[in-house]
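So the chains spell out like this:
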There are 2 protein chains.
Amino acid sequence: METSVEERPVAPAGGAGVQQVIAALSAHFGERLATGRAIREQHANTVTWLANEAPDAVVFVESTEEVQRVVRACAQHRVPVIAFGTGSSLEGQINAPKGGISIDLSRMNRVLSVHPEDLDCVVEPGVTRKQLNEHLRDAGLFFPIDPGADASLGGMASTRASGTNAVRYGTMKDNVIALTAVLANGEVITTARRAKKSSAGYDLTRLFVGAEGTLGIITSLTLRLAGIPEAISGGVCAFPTVRAACDAVILTIQTGLPIARIELLDEVQVRACNAYSKLDLAEQPTLFVEFHGTEASVHEQSERFSEIAAEYGGGGFRWATRPEDRTRLWQARHDAYWACLPLKPGAKALATDVCVPLSRLADCVDETKRDIEEMGMLAPIVGHVGDGNFHTVTLVDMSDPHDVAKAKDFIARMIKRSLAMGGTATGEHGVGQGKRAYMEAEHGSATLDAMRAIKQALDPHDIMNPGKILP
Amino acid sequence: METSVEERPVAPAGGAGVQQVIAALSAHFGERLATGRAIREQHANTVTWLANEAPDAVVFVESTEEVQRVVRACAQHRVPVIAFGTGSSLEGQINAPKGGISIDLSRMNRVLSVHPEDLDCVVEPGVTRKQLNEHLRDAGLFFPIDPGADASLGGMASTRASGTNAVRYGTMKDNVIALTAVLANGEVITTARRAKKSSAGYDLTRLFVGAEGTLGIITSLTLRLAGIPEAISGGVCAFPTVRAACDAVILTIQTGLPIARIELLDEVQVRACNAYSKLDLAEQPTLFVEFHGTEASVHEQSERFSEIAAEYGGGGFRWATRPEDRTRLWQARHDAYWACLPLKPGAKALATDVCVPLSRLADCVDETKRDIEEMGMLAPIVGHVGDGNFHTVTLVDMSDPHDVAKAKDFIARMIKRSLAMGGTATGEHGVGQGKRAYMEAEHGSATLDAMRAIKQALDPHDIMNPGKILP
């Protein structure tokens, strides 16, 4: 997935002010301020086809006060400031198209407190989801949001991430109770208290979730936790067609079955997973499902789901009753991206996603598959289909301009299709640079103007992650 | 709950511009523009001790375009504009302290579409929650948010309302998928698409939910629906102390029991309900609970809850197995407010609420009860305790300045207590005028400044419901 750092151009410098900022900060930060080319390029986009646009310097901060110090210096000289967690965002959120200072938050990685009675915890933004779940395990708790990468929680909040558990547990918008952030003026705000609900004024928490660092830098998060379920069961079920699988999903959701995960892999993705993860699944459209609850309730949910699946021709249901079998299946699901790569050796795999109302899911997936076929593309489909959300992993030969152009056209067509069906251009990857061009079509100009007004109000000199989200 | 209209002063006029606005609008609206005193006063606060501050005129709109027409006229002359649904808000949200035009949205009461496959619907803001549930019943669906009053859905979104089902189904913030609103500049925005999730830019949906009409006027809402549960069971259980009841609540939530409702009534409230609703409950702190699911799961949940309750001395669990018994119990719960009135004949009942982290609930309720006793107040307690949220209904003799002052002091002390415990000044009633004074203590000045910047950006001349939320 990585291309060589040396191949890429260095990003343009952040104007004359940036050297003054670097000079001003270096006394305090010493070796924690880095300007080497390799480290700067590691702090820009490396995972997709978007060009690597490196910042002028990287500062490894260790506290909210240090974030304030950097932001204040940047504000004084009108220099861009970009938050960096683990660098796993997919739409160029961490790129520095106008140069500037990357604030690396990975050293702010302490779990500050866990409140088991309240099912919440407070963490610094550099804590990753796996680190948090390790920390919580002994308390019988977990944090359910699981994007593919072991992303930082600050980054996950900033891109409004979700994952396979969202159908039951919601997305980051539903699981961040409060956060603190440093604004462009250097002030620290706390968006809410630790109470489970409140109607005390504007919901700044939700405004910052998904804002991709364009309104401020998140320096702590209060997160909602869930109890580790008493019982878990799951398995896989093959369907004759993608539409049949989607119809089974719709009925499952409609009947109120509290399913924890319901993931679609099309036959191309199943074939890839069989090869990569040494599975022997039938190479048909397949649902991976999981149920959480008590023993009795998990048993009942499994039975009900089997009945629904059977109605739509779902056959050969295979239960993974042993935890190790379940882990193997879900590991394969999480490795879907990597499994795609050998399908077209030397190609880059470009993950993109859309999300449509559930009633249009089968149409959208069907038409997308037809497009893949007609365009002669290789693009397996995986999806968090309980939410109407699916991904294509397009395999592109980056050295072939025709192949690249075709892939771009394919993604543009998929987004247009989603919008025409009442869907969104991005279900869970955010906007970044990659999807800015679709925001006008998605929101309309009056709504974008309102977003711009808010951005202008909180960041009048456009120093917070400029060039992202808003076209 | 009503006091005579004649007793109250007419609100100050909205400046010279208001007569020009009225003149400009009357040609279009004819008899749908009203300036009579009674109708104006009905469109200001009538339910609490906050003074009735009437608008200069009331316009009964029938479409988004008509809302735009009113807002544009008001913007031109810098005249305040206040949205009105059913008038059931509790913190003076509909008052017109600077005069202006009240936009009555009650005639925009059409259910525009229902999408059973997507579990959502689109409604105009004047649709009330009971009207919507009547409409949905045949489709096997319901909208779970249930504040005490039969409020309008636009009003419920604007105050970020919740109610007895929030512990399972969330609040308005979790159940509004998208909305359209008319901004102060007269433009119409649509905040999101109908997809279940999206990461496409700033979350304007959540920004408008809870904004109390200070950022724009909501003219349609896309709402998330739930399936009517296959089975429902519920009942009541008395506890030796409030603390024991709260501890049972904490364990219930912590074990992940998907309880649909869990409401606390203290012994004073139980006594009031016994008298008002002809019940014969033990006059002890009591939990009203309800479980939703399949027959088997509801049975299992009930058993588990009984075990938990027994651990904390909860005894004499009474199941309401027949639907009519359940309806009677929950009607009594919903009538709790009215049941309080006879406790102090001639008094006004002032409902207020706070919300604290669950771990502090018992402390907060205990200390509040001690305060009630020491201050010699009459103030039954009811609460959505699964969320850490509880209400006091303070009975006040409005003709006795000493009694009024004591009640104000009591409420101020309760809010201070909640804030000190990491809680909020308002769990579900909003801020309006009544709780503005506590926003500085709750949020701090930097956060309030950020809220003010957003308000200023979207409503530079402060015409949208001025004098609310922000101190």
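In the block above lies the structure referred to throughout.
A brief structural summary. Just so you know, these numbers come straight off a predicted model, no measurement behind them.

## A short note on the sheet that holds strand β17 (residues 381-384) of chain B
Residues and elements named next belong to chain B.
- Pairing in this open sheet of seven strands is antiparallel, and the strands run β15-β12-β14-β13-β17-β18-β16 from one edge to the other. Each edge of the sheet is formed by a strand with only one pairing partner; in this case those strands are β15 (315-319) and β16 (348-355). When the angles between neighbouring strand axes are averaged without regard to direction, this sheet yields 20°.
- Inspection of the sheet shows β16 paired to strand β18 (residues 389-396) by eight bridges, in the antiparallel sense. If you follow D353 over to β18, its bridge partner there is H391.
- Strands in contact with helix α15 (residues 401-420) are β16 and β18; relative to β18, the strand with the most contacts, it is inclined by about 170°.

## Considering the relation of the copies chain B and chain A
- Rotating chain B by 180° and moving it 0.0 Å along the rotation axis overlays it on chain A with an RMSD of 0.0 Å. The two molecules are tied by a two-fold rotation axis, judged by turn and shift.
- When the interface residues of chain B are mapped onto chain A, 99% of them are again interface residues, pointing to one common binding face.

## Overview of the environment of B:Q456
- For B:Q456, the location among the structural elements is in helix α17 (residues 445-458).
- With relative accessibility at 48%, the residue B:Q456 sits in the partly exposed group.

## Quick look at the packing of aromatic side chains
- On inspection of all chains with the given rule, the structure shows 10 aromatic pairs over all chains.
- Residues A:F291 and A:W319 carry aromatic rings whose centres are separated by 6.2 Å and whose planes lie at 50° to one another, so their mutual orientation is tilted. Within this pair, whereas A:F291 is found in strand β14 (residues 286-293), its partner A:W319 is found in strand β15 (residues 315-319), the two being separated by 28 residues in sequence.
- Consider the rings of B:F288 and B:W330, whose centres lie 5.9 Å apart with planes at 80°: the pair is edge-to-face.

## Section: helix α1 (residues 17-29) of chain B
All names here are of chain B.
- Here α1 is 13 residues long and its end C-alpha atoms lie 18 Å apart, about the 18 Å a rise of 1.5 Å per residue gives.
- Those residues of α1 that fall on the buried side of the exposure criterion are G17, V18, V21, I22, L25 and F29. Angularly, the buried residues of α1 cover 130° about the axis, an arc narrow enough to put them on a single face. Facing away from the buried side of α1 by over 90 degrees, the exposed positions are A23 and A27.
- Residues of α1 that are buried in the fold lie against β1 (33-34), β2 (57-60), α3 (64-77) and β4 (101-104).
- Trailing α1 by a residue or two, G30 shows a phi angle of about 55°, which is positive.

## Regarding helix α9 (residues 242-254) of chain B
Residues and elements named next belong to chain B.
- For α9, with 13 residues, the first-to-last C-alpha span of 18 Å sits near the 18 Å given by 1.5 Å per residue.
- Burial runs high along α9: 10 of the 13 residues are buried.
- Along α9, the residues that are buried comprise V242, A244, A245, C246, A248, V249, I250, L251, T252 and I253.
- Contact partners of the buried residues in α9: α6 (166-169), β13 (261-265), β14 (286-293), α11 (295-311) and α14 (361-374).
- G256 sits one or two residues past α9 and shows a positive phi near 80°.

Conventions adopted
Residues numbered from 1 in each chain as written. Chains lettered and ligands numbered in written order. Predicted model: local features only at pLDDT ≥ 70, side-chain atom pairs only at ≥ 80, totals over all residues. Heavy atoms only, no water. Pairing = 2+ DSSP bridges. Helix = DSSP H or I, 4+ residues; strand = E, 2+ residues; numbered from the N terminus. Axes fitted to C-alpha atoms, helices over the stretch in contact; angles between N-to-C directions. Contact = heavy atoms within 4.5 Å. Least-squares fit on C-alpha atoms with pLDDT ≥ 70 in both. Buried < 20%, exposed > 50% of the residue type's maximum accessible area, 1.4 Å probe, protein only. Phe/Tyr/Trp six-rings, centres within 6.5 Å; stacked < 30°, edge-to-face > 60°. Expected span 1.5 Å × (residues − 1). Arc of directions from axis to C-beta.

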